[in-house]
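Descriptive structure summary
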2 protein chains.
Amino acid sequence: MKKHNFDDAIHLRALLKNEYQGVLTESYNNMVGPFGGITAATLLNAVMLHPERIGDPVSLTVNFAGPLALGEFTIEAIPMRTNNSTQHWMIVQRQNGEVATTATAFFAIRKETWGEQELTMPEAVSPDTLIPVKPRLPSHWVQNYDLRFVEGAFNPKEKKEQEISLSIMWVREQPERQLDFPGLASIGDSFFPRMFIRHQEFMPAGTVSLTLHFHATADELEKVGSAHLLASAQASRANRNYADQTANFWDKDGNLLLSSHQMVYFKY
Amino acid sequence: MKKHNFDDAIHLRALLKNEYQGVLTESYNNMVGPFGGITAATLLNAVMLHPERIGDPVSLTVNFAGPLALGEFTIEAIPMRTNNSTQHWMIVQRQNGEVATTATAFFAIRKETWGEQELTMPEAVSPDTLIPVKPRLPSHWVQNYDLRFVEGAFNPKEKKEQEISLSIMWVREQPERQLDFPGLASIGDSFFPRMFIRHQEFMPAGTVSLTLHFHATADELEKVGSAHLLASAQASRANRNYADQTANFWDKDGNLLLSSHQMVYFKY
């Protein structure tokens, strides 16, 4: 089987202590620079590969500070504090000496406890009855995903505003790929900007800060395999250039795997 | 008028470039170390005071890496990248050379755009009809807040589990204080842990990562004055030592000022 674009994109080579090198190619192109999800996954991967890492990701915040051009970049991943079963990281991505992305991550060894899920998955028809979104350009991040909208799709040709910014979709990697933490991190950014959906129009827009809360353990991801996840996303408020987006991702059995919260720049 | 505990607590003295010194006193004591909200506000204040700062806070993520003891601490606040109207920060709080807290912040000069609010405030009786929570200890962070529960209060003596983790409350600083960004950041962490509410029991619990999304502009905060905010908080899922909490804060006219998302450690 051909190596997945995703594994190529997040591939890193260890340089000095705490330092990794990667190469940005065209496979996850977005409007300006790469799809934010692939950046989040690549930064997370630096921690996953780090010899001092303990546990699994619980939270990750990624701040998109400047555009990344095609070619080499470096990632510095520093374990800021390691306790018995928890670890805090600072991560900086640079290109030509300039900061492109900053991040923090929290990892932990999670033990058995009482548990409960309050946020249930929305109603949705089966993904088999829906048609995947086609990327508008041959080299565009959407080519790497199978996105099937249950509601709140993006149809700018119809120019018909939606009343609310809600979208519900099924999503998996394309071609199919076993779900893992970097894969889930990237999927956590796979919704189009809420302002596109609300207005059914393109406009200047881009995530400035993305926070991922990982509810799932590695075992749960393993069990998902490469099946579609059901996901919903909505804005709470758009005000003066920034709108938030809260998105949630469930497996087909209704387990909440990930909550994703972001602030998104827009001009409209 | 006596200086507010809050202004004493977030007070910082500039040392070297990018470096500030503060002193932790007992006024915002929590179970172990200070209330997380006061730490978030103090870290944000380092950026607010920084001579290179532009704009107002749009997002702030604070990671609680280790306990902070009473006494001096330092905060390093580094402008990682400054664009025309946006700025990205990394912030580290240390005590005796050890990392206690890490954070990232995104600031921006926000301009007039189209705007809309989708998340409406919940129904609630007036704060005048409710009794504020009394701190159980004389020197406890709750003494600095006026918290009035509409639903989902914490009554461990009754030992009656709630069916869900939802709380709705009115909150303002005590004594009254003009709302500003550090004040709002701190209020953003003013809910008790969701696991306390769900089970109506104390248990080991503490925020590990807190993300604040500021919807409000400085003008809106100015208009609020020192009035109560209405706030709601709920967990989506508790699983293997970690539960999330999404909280939202509205002014009395229903404007959404802040969304707050956190991952909270618990043992139960």
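See the structure above.
First, a word on scope: everything that follows refers to the structure included in this document. Note that the structure is a prediction, hence the values are computed from the model and not measured. (Residues numbered from 1 in each chain as written. Chains lettered and ligands numbered in written order. Predicted model: local features only at pLDDT ≥ 70, side-chain atom pairs only at ≥ 80, totals over all residues. Heavy atoms only, no water.)

So, on to the overall build of chain A. Looking only at helices and strands, chain A has five helices and 14 strands in total. The C-alpha radius of gyration computed for chain A amounts to 18 Å, which stays within 12% of the reference 18 Å derived for 268 residues, consistent with globular compactness. Projected onto the principal axes, the alpha-carbon positions of chain A cover approximately 55 × 45 × 45 Å. When each of the 268 residues of chain A is scored for burial, the buried share is 60%. Accessible area for chain A stands at about 10,800 Å²; split by element, carbon and sulfur atoms hold 51% of it. (Helix = DSSP H or I, 4+ residues; strand = E, 2+ residues; numbered from the N terminus. Rg over C-alpha atoms; globule rule 2.2 N^0.38 Å. Buried < 20%, exposed > 50% of the residue type's maximum accessible area, 1.4 Å probe, protein only. Areas by Shrake-Rupley, 256 points an atom, 1.4 Å probe, with all protein chains shown as cover.)

Overlaying chain A on chain B yields an RMSD of 0.0 Å, the required transformation being a rotation through 180 degrees with an accompanying axial translation of 0.0 Å. Both copies are brought into coincidence by an operation consistent with a two-fold rotation axis. (Least-squares fit on C-alpha atoms with pLDDT ≥ 70 in both.)

On to the nonpolar core. Across soluble globular proteins, nonpolar side chains show a tendency to be buried alongside one another. One finds Ile 91, Tyr 145, Val 171, Phe 192, Phe 214, Leu 229 and Phe 249 of chain A to be the most contacted residues of the largest nonpolar core, which totals 65 residues. When residues in this core are grouped by element, the largest group, eight residues, is from helix H2 (residues 36-49) of chain A. Ignoring anything within four residues of it in the chain, the contact list for Phe 192 of chain A reads Val 133, Trp 141, Val 142, Leu 147, Phe 149, Phe 154, Ile 197 and Gln 245 of chain A. Listed in part, the 64 residues of the second largest apolar core include Met 48, Ile 75, Ala 103 and Leu 212 of chain B. (Core = buried A, V, L, I, M, F, W, Y, C linked by side-chain atoms within 4.5 Å. Contact = heavy atoms within 4.5 Å.)

Now for the interface of chain A and chain B. Counting from both sides, the interface comprises 69 residues of chain A and, opposite them, 69 residues of chain B. Each partner contributes to the roughly 5,800 Å² buried at the junction of chain A and chain B, and carbon and sulfur atoms together form 52% of this total. When residues of chain A are sorted by the area they lose upon contact with chain B, Trp 114, Arg 237 and Arg 240 of chain A head the list and together hold 14% of the total. Where chain A touches chain B, the interface holds eight salt bridges. Across the pair Arg 240 of chain B and Glu 112 of chain A runs a salt bridge whose closest N-O atoms are separated by 2.9 Å. At the boundary of chain A and chain B, one finds 47 residue pairs in polar contact (both at pLDDT 80 or more). For the side of chain A that touches chain B, the per-class residue count stands at 28 nonpolar, 28 polar and 13 charged. Here strand S12 (residues 237-239) of chain A runs beside strand S7 (residues 116-117) of chain B; their pairing, made up of two bridges, is antiparallel. Residue pairing for S7 of chain B: Arg 237 of chain A is matched across the bridge by Gln 117 of chain B. (Buried area = accessible area lost by both parts, 1.4 Å probe. Salt bridge = Lys/Arg side-chain N within 4 Å of Asp/Glu carboxyl O. Polar contact = N/O pair within 3.5 Å; in protein donor to acceptor, adjacent residues only side chain to side chain. Nonpolar A, V, L, I, M, F, W, Y, C, P; charged D, E, K, R; others polar. Pairing = 2+ DSSP bridges.)

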